[in-house]
Protein chains: 4
Amino acid sequence: MTKHRLEAFSDGVIAIIITIMVLEIKVPHGQDFQALKPLLPIVLSYVLSFIYLAIYWNNHHHMFHTIERVSGSILWANMHLLFWLSLIPFTTGWMGENHFEAAPMALYGVVLFMSAVAYTILQRTLIAKHDHHNLLARAVGKDLKGYASLALYLVAVPSAFIHPIISGCIYIFVALMWLIPDKRIERTLEKDEV
Amino acid sequence: MTKHRLEAFSDGVIAIIITIMVLEIKVPHGQDFQALKPLLPIVLSYVLSFIYLAIYWNNHHHMFHTIERVSGSILWANMHLLFWLSLIPFTTGWMGENHFEAAPMALYGVVLFMSAVAYTILQRTLIAKHDHHNLLARAVGKDLKGYASLALYLVAVPSAFIHPIISGCIYIFVALMWLIPDKRIERTLEKDEV
Amino acid sequence: MTKHRLEAFSDGVIAIIITIMVLEIKVPHGQDFQALKPLLPIVLSYVLSFIYLAIYWNNHHHMFHTIERVSGSILWANMHLLFWLSLIPFTTGWMGENHFEAAPMALYGVVLFMSAVAYTILQRTLIAKHDHHNLLARAVGKDLKGYASLALYLVAVPSAFIHPIISGCIYIFVALMWLIPDKRIERTLEKDEV
Amino acid sequence: MTKHRLEAFSDGVIAIIITIMVLEIKVPHGQDFQALKPLLPIVLSYVLSFIYLAIYWNNHHHMFHTIERVSGSILWANMHLLFWLSLIPFTTGWMGENHFEAAPMALYGVVLFMSAVAYTILQRTLIAKHDHHNLLARAVGKDLKGYASLALYLVAVPSAFIHPIISGCIYIFVALMWLIPDKRIERTLEKDEV
């Protein structure tokens, strides 16, 4: 099977997830800038989650760029990733409405952790279906950045109960770490095309 | 006519259906994990419906992979399927909010049954438009799994009024039965490509 | 410019319009079938609008199938059509919530009329950009069905104030008239390919 | 990397943004035309934002039509644009609900300004990645229309506090200025193809 529809379906789901989060920013009743003040934590959580979903889409794009064909197990590994990503709007809304309290901050980390696990499974499934010398395997390499993120989420979840700000800083740090798109694939790709 | 736009439109509709269900998981007002407790049945129904819609998308993907062209009757058979799938978020929400009571469980089964009927009609329409030796006809064969699902839904609907847990178990059983993507098409396809 | 992105964007918008209408069917608080009774007019309006949007998508699909290239004026004629279609969920909701009262029935007809006008403009723009012997021009011919629909909507709008049921019957009649997809294009197309 | 998925994802996000705005037009409880009266400012803001988003989509379409390949920095410049566009439904809703008061009018201008900045960055990134004689660079030229829009938004934002109607007129004027799709690219393109 070709990868075309899997890409189109994932694009659709991620586009909807990234956009319905904005529905959580409810129109205030007041008509001056004061009325916007209570929305600040909600907007901040929206920005963070927008960046996370943009990172996932970018990396998903890079990853599938390197492969040619999909199988039943790849379809399901991809659905599993989309499931966890689909919970991000809910955890974002809970975190924003409660001004970054401990429990919502921890739950946000749990969903990020599960999304990262699902992404790793999808990546492994893709590599396993192709031979070990292919572009993706070489580009991903030991995947230090991926495992570092998993470890950091595991630290961030319990840290929320010491102080939510610790988790918050970890989430921002991981986002920044990935904000640079996966140059590994881009570079390996360019080398191949030269 | 080519199948490209029918696939793109179906991908869009299923992507939206699978994602708007998450809007039913309303952000709670409390800020500790206790506040999440009443959401548990809603999350469980979401997981079940997510899996059902993922199964439909996967099978839809496999099925259209085998055909080349579409006609007016195929477009309408596909629209009919999308109509019944579009009612899944509503029945999921009603089931989750009422903690799996009898009537919502039965209605959930009715919509699953009608979706399965619509899928069967679409499959028959596709096979009828192509010759009987084509890939889809051979892969589907006697479609025992399809007819078994229809029969099980017919049992599940009235069973909800004996005890909702019977219907629940049947829905989970049917989902598990399909969770393995339609290997028949994948295998027949691989044989052809060798 | 190629038509690919215009088709993809229109598919996306129509897929979202057809799906968000289902959000208007609010999950009831009761847990027996009695609780569903007040939803009946809302579900009926949903079915009618689903069919109308499915007709528009099918005809849009057929129409763009016949052309190769798009221009700036085609992009805008298409946006104009999408604008009127995007108001269908609102008029559907108003009609359903008010049990098919006169004013909502009339407004529903106004939006259907404007959508049909926009579709006719789009069709004229497409034909004007291509030569008069092309497939679309031959398939559309004198477009009796299109002009009949426009006339029927014009009758249906004021009729709502005599009795809403007259408008309702006209809307159902027009839908049935179009439910048969545009065989003219399909047939002309098949002839060409032979 | 090819541009195909970036286009598909952007189409999806813009299609959703343009459509969820319609959810802000809440179904009124009354059943005569009087009940629609309070919705008038909401509908007017919807029309204006629909036109702005249609302009962005059209120009995005024209712009990407001229290029062949995308890079990591283009993906991020595009995400940045989508972020600002995603805030349009919120500012539209606030503006409509408050009958075009000063603060909502100013905020609407801020989001339009940031969207225009993001579009300019994206355009510069695209030109920088391609050589200076390419189609886009020639078509855009000195981009007077782009810089004029930025300047007009900068005037419109503080003007809202003198009288909101001044900002309103500027927003309508800029929209009209762009309503004519980017003929520069279309013309340069046609010349090339001849």
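Residues numbered from 1 in each chain as written. Chains lettered and ligands numbered in written order. Predicted model: local features only at pLDDT ≥ 70, side-chain atom pairs only at ≥ 80, totals over all residues. Heavy atoms only, no water.

Caption draft 1: Spatial organisation of the UniProt feature "transmembrane region" (unreviewed entry) in chain A. Residues and elements named next belong to chain A. Taking the numbering used here, the UniProt-annotated feature "transmembrane region" (unreviewed entry) corresponds to residues 9–27, 39–58, 70–90, 102–122 and 150–180. Measuring from the first to the last C-alpha atom of residues 39–58 gives 28 Å, for a span that is 95% helix and 0% strand. Helix and strand shares over residues 102–122 are 100% and 0% respectively, and the end C-alpha atoms of the span are 30 Å apart. (UniProt positions renumbered as here; feature names shortened; annotations may be inferred. Helix = DSSP H or I, 4+ residues; strand = E, 2+ residues; numbered from the N terminus.)

Caption draft 2: The interface of chain B and chain A, seen in detail. Across the boundary between the two partners, chain B contributes 41 residues, which contact 35 residues of chain A. Both faces combined, the contact of chain B with chain A buries some 3200 Å², and carbon together with sulfur accounts for 73% of it. Contact with chain A buries area across many residues of chain B, yet Val27, Gln31 and His61 of chain B alone supply 19% of it, more than any other trio. We note a salt bridge from Arg5 of chain A to Asp11 of chain B, for which the minimum N-O separation is 2.7 Å. Summed over the shared surface of chain B and chain A, the number is six residue pairs in polar contact (both at pLDDT 80 or more). Looking at the side of chain B that touches chain A, the elements with two or more residues in it are helix H1 (4–20), helix H2 (40–65) and helix H9 (183–193) of chain B. With 13 residues, H2 of chain B is the largest single contributor of residues to the side of chain B that touches chain A. Looking at the side of chain B that touches chain A residue by residue, the class counts come to 24 nonpolar, eleven polar and six charged. (Contact = heavy atoms within 4.5 Å. Buried area = accessible area lost by both parts, 1.4 Å probe. Salt bridge = Lys/Arg side-chain N within 4 Å of Asp/Glu carboxyl O. Polar contact = N/O pair within 3.5 Å; in protein donor to acceptor, adjacent residues only side chain to side chain. Nonpolar A, V, L, I, M, F, W, Y, C, P; charged D, E, K, R; others polar.)

Caption draft 3: Molecular detail of the layout of surface pockets. When its volume is computed, the largest pocket comes out at roughly 1500 Å³. Leu23 and Lys26 of chain A, Lys26 of chain C together with Leu23 and Lys26 of chain D are, among the 48 residues lining the largest pocket, the residues nearest its centre. The set of elements that each furnish at least two residues to the lining of the largest pocket consists of helix H4 (88–97) of chain A, helix H4 (88–97) of chain B, helix H4 (88–97) of chain C together with helix H4 (88–97) of chain D. Grouping the amino acids of the lining of the largest pocket by side-chain chemistry returns 33 nonpolar, three polar and twelve charged. In this model, the second largest pocket occupies a volume close to 350 Å³. Lining of the second largest pocket is provided by 17 residues; of these, Leu44, Leu48, Phe100, Gly168 and Ile172 of chain B occupy positions nearest its centre. Those elements that provide at least two residues to the lining of the second largest pocket are H2 and helix H8 (164–179) of chain B. Among the elements that take part in the lining of the second largest pocket, H8 of chain B stands out by supplying nine residues, more than any other. In the lining of the second largest pocket, the residues fall into 15 nonpolar, two polar and no charged. (1 Å grid on protein atoms, 1.4 Å probe; cavity = no way out; pocket = protein on both sides within 12 Å on 5 of 7 lines; lining within 4 Å. Points joined across faces, edges and corners; volume = space filled by probe spheres on them.)

Caption draft 4: Representation of the pattern of salt bridges in the model. Taken as a whole and assessed by the stated rule, the structure comprises 16 salt bridges over all chains. Here Glu7 of chain C and Arg5 of chain B are joined by a salt bridge, their closest N and O atoms 3.9 Å apart. One end of the pair, Glu7 of chain C, is in helix H1 (residues 4–20); the other, Arg5 of chain B, is in helix H1, on a second chain. Assigned by exposure class, Glu7 of chain C and Arg5 of chain B land together as buried. Three or more residues are tied together by salt bridges with common partners; here these are Lys3, Glu7 and Asp11 of chain A together with Arg5 of chain D. (Buried < 20%, exposed > 50% of the residue type's maximum accessible area, 1.4 Å probe, protein only.)

Caption draft 5: Just empty space enclosed by the protein, in detail. One pass over the structure, following the stated rule, counts eleven cavities of 30 Å³ or more. Forming the walls of the largest cavity are 33 residues, and the residues nearest its centre are Ala8 and Gly12 of chain A, Ala8 of chain B, Ala8 of chain C together with Ala8 of chain D. Elements represented by at least two residues in the lining of the largest cavity include exactly helix H1 (4–20) of chain A, H1 of chain B, H1 of chain C together with helix H1 (4–20) of chain D.

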